[in-house]
Amino acid sequence: MRRYRAAYILVVLVVGLGNIIANFVFPQNELLLMAISHWTLAALTFPLGIFASAIGFVLLYKGLSTPAETTLVITPIFAVLGYTQWYRLIPAFYRRQGERDLMQ
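Keep in mind the model is a prediction, meaning the values are calculated, not measured.

Colleague: For this particular structure, what's the right way to read the overall build of the chain?
Modeller: Helix and strand counts for the chain come out as 4 helices and 0 strands. For the chain, the sequential pattern of α-helices and β-strands runs α-α-α-α. Computed over C-alpha atoms, the radius of gyration of the chain comes to 16 Å, more than 25% over the 13 Å expected from 2.2 N^0.38 for 104 residues, which places it beyond the range of a compact globule. Its C-alpha atoms give the chain principal-axis dimensions of roughly 60 × 30 × 15 Å.

Below is the structure:
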């Protein structure tokens, strides 16, 4: 199970940081690359990823950061939210459901 957690975090970081590296190679497509990585990260962290998406949109559309900087800021947020969701909250919920079913 520990390897799955590490693999999940690694995938999120590769998608986010890979986008930043791709921005240096293709600077003319910066916004498109940010959108692709942003939606990939949002899909990996679906329900809780909405909060990181909101932070990213505010940073980008208020003009506080460029698309590459926005990706750099929200990638760790996506990683933390996804880890919390998939490896802490959901297992705890199903553990409680199983205990409740055993008591009945």
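Colleague: Which parts of the structure should I look at to understand the packing of helix α1 (residues 2-25) against helix α2 (residues 30-44)?
Modeller: Working note: a packed helix pair is described by the angle between its axes plus the distance between those axes. Axis separation between α1 and α2 bottoms out at 9 Å; the angle between their running directions is 175°. Relative to α2, the element α1 is oriented roughly antiparallel. Each of Tyr8, Val11, Val12, Val15, Gly16, Asn19, Ala22 and Asn23 in α1 lies in contact with α2, whose residues at this interface are Glu30, Leu33, Met34, Ser37, Thr40, Leu41 and Leu44. For the contact of α1 with α2, the class distribution of residues is 9 nonpolar, 5 polar and 1 charged.

Colleague: Sorry, what's going on with the side chain of threonine 75 here?
Modeller: With respect to the secondary-structure elements, threonine 75 resides in helix α4 (residues 67-103). A residue is classified by how much of its surface remains accessible, and threonine 75, at 1% relative accessible area, is buried. Contacts of threonine 75, omitting those with residues within four sequence positions, involve Val12, Leu13, Gly16 and Leu41.

Colleague: Sorry if this is basic, but what is going on with the UniProt feature "transmembrane region" (unreviewed entry) in the chain here?
Modeller: Listed under "transmembrane region" (unreviewed entry) in the UniProt record, and renumbered for this structure, are residues 6-26, 38-61 and 73-94. Summarising residues 6-26: 95% helix, 0% strand, and an end-to-end C-alpha distance of 29 Å. Secondary structure over residues 73-94 splits into 100% helix and 0% strand, and the C-alpha atoms at its two ends are 32 Å apart.

Colleague: Whenever I open this one, α2 confuses me. Can you help?
Modeller: Residues separated by three or four positions in an α-helix point in the same direction, a consequence of the helix having 3.6 residues per turn. For α2, spanning 15 residues, the distance from its first C-alpha to its last is 21 Å, which sits close to the expected 21 Å at 1.5 Å a residue. Burial in α2 covers these residues: Leu33, Met34, Ser37, His38, Leu41 and Ala42. All buried residues of α2 project into a common sector of 160° when viewed along the axis, lining one side. Projecting away from the buried face of α2 at angles above 90 degrees are the exposed residues Leu32, Trp39 and Ala43.

Colleague: How do you make sense of the nonpolar core when you look at a structure like this?
Modeller: The tendency in soluble globular proteins is for nonpolar side chains to be buried side by side. Residues Tyr8, Val12, Leu41, Ala42, Leu48, Ala52, Ile74, Phe78, Ala79, Leu81 and Tyr87 constitute the largest nonpolar core, which totals 11 residues. When contributions to this core are tallied by element, the ones reaching two or more residues are α1, α2, α3 (46-61) and α4. Element by element, the count of residues in this core is highest for α4, at 5 residues. Counting residues domain by domain, this core receives three or more from each of domain 1 (1-45) and domain 2 (48-103).

The rules we used
- Residues numbered from 1 in each chain as written.
- Predicted model: local features only at pLDDT ≥ 70, side-chain atom pairs only at ≥ 80, totals over all residues.
- Heavy atoms only, no water.
- Helix = DSSP H or I, 4+ residues; strand = E, 2+ residues; numbered from the N terminus.
- Rg over C-alpha atoms; globule rule 2.2 N^0.38 Å.
- Axes fitted to C-alpha atoms, helices over the stretch in contact; angles between N-to-C directions.
- Parallel < 35°, antiparallel > 145°, perpendicular 65-115°, else oblique.
- Contact = heavy atoms within 4.5 Å.
- Nonpolar A, V, L, I, M, F, W, Y, C, P; charged D, E, K, R; others polar.
- Buried < 20%, exposed > 50% of the residue type's maximum accessible area, 1.4 Å probe, protein only.
- UniProt positions renumbered as here; feature names shortened; annotations may be inferred.
- Expected span 1.5 Å × (residues − 1).
- Arc of directions from axis to C-beta.
- Core = buried A, V, L, I, M, F, W, Y, C linked by side-chain atoms within 4.5 Å.
- Domains from an automatic or database assignment.

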